[in-house]
Amino acid sequence: MNEPMIVTMPIRLEYDYSPGAGRSRFLRGLAQGKILGERCAKCRKVYVGGGSGACPRDGVPTEEVVELPDVGTITTFCVVNVPFAGATVEIPYVSASILLDGADIPLMHLIQEVAAEEVRMGMRVRAEWLPEGERVPSMDTIKYFKPAGEPDAPIDDVLKRMRADA
Ligand SMILES: [Zn+2]
């Protein structure tokens, strides 16, 4: 009863994806073991994850590249209890928004090496990278984030940093 069910469907989708300037830079950075963000010259906000290469608020190109540390704070998360086909993680697993130190928007990633019930907002986490030599221009180059072993960050301050008017 209530066993999770995986349905395999014969669906195939092929597409060519041309990442924009920001996304390309971000992905190339990952292959070099770096997390590259970009700063808006106008509002000084640092975007990461590779958007359009322009500030969504000011509409100007974000040309200043900023190397971010691979540590940050969980701003929100969800515990996933549904397996997906081809999953390499056990359920339940946690998917979280992580605000890297120095960034103004969060990245989404898996949280591992900690029980799902111990994950919390404000938790400090660090990226677990693929070994050098295996790194490719893909988000998979960061396997997951894991506890950084630091005291929690004050979550109200962290959330305030992400506000559009901050
Ligand atoms: Zn801006």
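Just above sits the structure.
Residues numbered from 1 in each chain as written. Predicted model: local features only at pLDDT ≥ 70, side-chain atom pairs only at ≥ 80, totals over all residues. Heavy atoms only, no water.

A. The arrangement of the coordination of the zinc ion in detail. Protein coordination at the zinc ion comes from Cys-40 (SG), Cys-43 (SG), Cys-55 (SG) and Asp-58 (OD), with a distance range of 1.8 to 2.3 Å. Considering all four donor atoms around the zinc ion, the spread of angles at the metal, 105 to 113 degrees, places the coordination shape in the tetrahedral class. In the primary structure, the donors to the zinc ion are separated according to the pattern C-x2-C-x11-C-x2-D. According to the relative accessible area criterion, Cys-55 is buried, its value standing at 2%. (Donors = N, O, S within 2.8 Å, 3.2 Å for Na, K, Ca; no water. Tetrahedral: all angles 85-135°; square planar, octahedral: opposite > 155°, others 65-115°. Buried < 20%, exposed > 50% of the residue type's maximum accessible area, 1.4 Å probe, protein only.)

B. A look at the side chain of Thr-75. Looking at where Thr-75 falls in the secondary structure, it is placed in strand S4 (residues 71–80). Here Thr-75 is in contact with Ser-97, Leu-99, Pro-106, Met-121, Ile-155, Val-158, Leu-159 and Met-162, once residues within four sequence places are set aside. (Helix = DSSP H or I, 4+ residues; strand = E, 2+ residues; numbered from the N terminus. Contact = heavy atoms within 4.5 Å.)

C. Helix H1 (residues 21–31), seen in detail. Among all positions of H1, only Gly-22, Ser-24, Phe-26, Leu-27, Gly-29 and Leu-30 are buried. Considering only its buried residues, H1 is in contact with strand S1 (35–39), strand S2 (46–48), strand S6 (107–111), strand S7 (124–129) and strand S8 (142–147).

D. Local environment of unusual backbone geometry. Cis geometry is adopted by the peptide bond preceding Pro-92, which originates at Ile-91 and carries an omega value of -5 degrees. When you line up the elements, Pro-92 lands in the loop between S4 and strand S5 (93–100). A positive phi is found at Arg-44, a non-glycine position, where the angle reads about 70 degrees. According to the relative accessible area criterion, Arg-44 is partly exposed, its value standing at 46%. Phi at Glu-113 takes a positive value of approximately 65 degrees, unusual for a residue other than glycine.

E. Examining the layout of surface pockets more closely. A volume near 200 Å³ is recorded for the largest pocket. If you trace the largest pocket, you find it lined by Phe-84, Gly-86, Ala-87, Thr-88, Val-89, Tyr-93, Ser-95, Leu-110, Gln-112, Asp-140, Ile-142 and Lys-143. Every element with two or more residues in the lining of the largest pocket is listed here: S5 and S8. (1 Å grid on protein atoms, 1.4 Å probe; cavity = no way out; pocket = protein on both sides within 12 Å on 5 of 7 lines; lining within 4 Å. Points joined across faces, edges and corners; volume = space filled by probe spheres on them.)

F. Examining the sheet that holds S1 more closely. Spatially, S2-S1-S3 is the arrangement adopted by the three strands of the open sheet, whose pairing is antiparallel. One side of each edge strand has no neighbouring strand; the edge strands of this open sheet are S2 and strand S3 (64–68). The sheet shows a mean angle of 40 degrees between the axes of neighbouring strands, taken without regard to direction. With three bridges joining them, S1 and S2 adopt antiparallel strand pairing. Note that in S2 the partner of Gly-37 across the bridge is Val-48. (Pairing = 2+ DSSP bridges. Axes fitted to C-alpha atoms, helices over the stretch in contact; angles between N-to-C directions.)

G. Spatial organisation of a nonpolar patch on the surface. Together, Met-5, Val-7, Met-9 and Ile-11 give the surface a local cluster of nonpolar side chains, amounting to about 510 Å² of exposed area. Tracing the backbone through its elements, the reader meets Met-5 in the segment before H1. (Patch = residues over 30% accessible without salt bridge, like charges linked within 9 Å, V, L, I, M, F, W, Y side chains within 5 Å. Areas by Shrake-Rupley, 256 points an atom, 1.4 Å probe, with all protein chains shown as cover. Salt bridge = Lys/Arg side-chain N within 4 Å of Asp/Glu carboxyl O.)

H. Molecular detail of the nonpolar core. Within the largest apolar cluster, 29 residues are counted, with the highest numbers of intra-cluster contacts made by Ile-35, Leu-100 and Ile-111. Only H1, S2, S3, S5, S6, S7 and S8 provide two or more residues apiece to this core. In terms of residues, this core owes the most to one element, S5, which gives five residues. If we skip the residues at most four places from it in the chain, Ile-35 touches Phe-26, Leu-30, Val-48, Val-66, Glu-67, Leu-68, Pro-69, Asp-70, Leu-100, Trp-129 and Ile-142. (Core = buried A, V, L, I, M, F, W, Y, C linked by side-chain atoms within 4.5 Å.)

Without other data, these values stay purely geometric and don't point to any function.
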